[in-house]
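Each chain, written out:
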Amino acid sequence: MSMPVPSTFPGGNARRKSSILKKKWVTHLFLLLLGWIMVYPLIWLFLSSFKTNADLFGSLQLLPQQFVWDSYVKGWAGTGQYTYATFFKNTFLLVVPTAFFTVLSSVLVAYGFARFTFPLRNFMFILMISTLMLPHSVIIIPRYLIFRNLDWLDSYLPFIVPAAFGCFPFFIFMLVQFFRGLPKELDESAVMDGCSPPGILFRILLPLSFPALMSAAIFQFIWTWNDFFNSLIFINSVKKFPISLALRMSIDSTGGTVEWNQIMAMSVLAVLPPILLFFFSQRYFVEGIATTGIKG
């Protein structure tokens, strides 16, 4: 009888494992290098908050040659009658309601598009999506005139009220895609149990949509937190300035030499809330983006 011929050589598995390990090392090295490139600006920003102006502009070294330890204390005191505690409070008063009402209104509109059939639904959906292509510079003047006539200037209403009425089509589209991926059999079972459409939304669909809702909230929180242009247009009083305008004011109000370590220190504190929010909710964020992309 002839002996069976082995399908692989004795050293084949070892060479294959070695090749896989080499690929993993290359992949990990590439990801490590990419991560360093992404994190380096934040590290530079943090260390620059301890540098003098001469050290900051006269050297390319990452570590300070001479540490300045009072940049955070002096920066927090501000340059006028308001400290950065006021500006941080203003930012949260602006950002949190805007993010909350954006998610709430987007859920209601997306639920209507995803689960109901009504006249001109497709036309209205296309019309809503088409507004994504409007440049912001085109609508800023009409918005300013409307808010001026409503006497909403120098307040947070130009940010909060549009968010409460579903004026962010990007999030509506994202949630529509997510709702379309949820089985309609859930709705039918709930109807058989006597559940109304609002009950289906709030008791069945919303718990399943938590990752997508978190993604929308994180996006809107970060975008509104970093918004400089709209805040500059609609807010005039220094006592109502958010962080973005406060940092600009700290540069302009010195009248002489700018203590850049204090600006860097307040910039570090300004980026902390979005970074912490992203890292603490990263699992929901990634899951929400992934499921929104593959469903629908």
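Going by the structure above, here's the rest.
Source: prediction; values computed, not measured.

### A closer look at the layout of surface pockets
Okay, step 1: Of the pockets and cavities examined, the largest pocket occupies roughly 850 Å³.
Okay, step 2: Taken together, 25 residues make up the lining of the largest pocket; nearest its centre are His136, Ile139, Arg143, Cys167 and Phe168.
Okay, step 3: Residues of the lining of the largest pocket, tallied by class, amount to 16 nonpolar, seven polar and two charged.
Okay, step 4: Its volume calculated, the second largest pocket comes out at about 430 Å³.
Okay, step 5: Along the walls of the second largest pocket sit 14 residues, with Leu42, Val271, Pro274, Ile275 and Phe279 positioned nearest its centre.
Okay, step 6: Mapped onto the lining of the second largest pocket, the elements with two or more residues apiece are helix 1 (12-48), helix 11 (210-226) and helix 14 (260-280).
Okay, step 7: Of the residues forming the lining of the second largest pocket, the biggest block, seven residues, is contributed by helix 14.
Okay, step 8: Looking at the lining of the second largest pocket, its residues break down into 12 nonpolar, two polar and no charged.

### Digging into the pattern of salt bridges
Side-chain pairing between opposite charges can occur once the charged atoms of the two side chains come close.
Okay, step 1: Taken as a whole and judged by the stated rule, the model has three salt bridges.
Okay, step 2: In this structure, Asp70 and Lys74 form a salt bridge, with 3.0 Å as the shortest nitrogen-oxygen distance.
Okay, step 3: Of the residues examined, Lys74 reaches a relative accessible area of 45% and is grouped as partly exposed.
Okay, step 4: With a shortest N-O distance of 2.7 Å, Arg248 and Asp252 are connected by a salt bridge. Taken together, the residues span about one helical turn, with Arg248 and Asp252 both in helix 13 (residues 243-252) at a distance of four residues.
Okay, step 5: The partly exposed category is assigned to Arg248, whose relative accessible area is 39%.

### With respect to the packing of aromatic side chains
Here a ring pair, both rings aromatic, is described through the centre-centre distance and the interplanar angle of the planes.
Okay, step 1: Per the stated rule, a full pass over the model turns up 29 aromatic pairs.
Okay, step 2: Measuring from centroid to centroid gives 5.0 Å for Phe67 and Trp69, while their planes differ by 10°, and the two rings are stacked.
Okay, step 3: Note on Phe67: relative accessible area 38%, which makes it partly exposed.
Okay, step 4: Its relative accessible area of 64% is what places Trp69 among the exposed residues.
Okay, step 5: Between the aromatic rings of Phe147 and Trp152, the centroid separation amounts to 5.8 Å while the plane-to-plane angle is 25°, which identifies the pairing as stacked. Accessibility classification places Phe147 together with Trp152 in one group, the buried group.
Okay, step 6: Ring-pair connections join several aromatic residues into one group, and the members of that group are Phe46, Phe50, Phe67, Trp69 and Tyr72.
Okay, step 7: Here the basic side chain of Arg180 rests over the ring of Phe125, its NZ or CZ set 5.2 Å away from the ring centre.

Cut-off values and rules
- Residues numbered from 1 in each chain as written.
- Predicted model: local features only at pLDDT ≥ 70, side-chain atom pairs only at ≥ 80, totals over all residues.
- Heavy atoms only, no water.
- 1 Å grid on protein atoms, 1.4 Å probe; cavity = no way out; pocket = protein on both sides within 12 Å on 5 of 7 lines; lining within 4 Å.
- Points joined across faces, edges and corners; volume = space filled by probe spheres on them.
- Nonpolar A, V, L, I, M, F, W, Y, C, P; charged D, E, K, R; others polar.
- Helix = DSSP H or I, 4+ residues; strand = E, 2+ residues; numbered from the N terminus.
- Salt bridge = Lys/Arg side-chain N within 4 Å of Asp/Glu carboxyl O.
- Buried < 20%, exposed > 50% of the residue type's maximum accessible area, 1.4 Å probe, protein only.
- Phe/Tyr/Trp six-rings, centres within 6.5 Å; stacked < 30°, edge-to-face > 60°.
- Lys NZ or Arg CZ within 6 Å of the ring centre and 35° of its normal.

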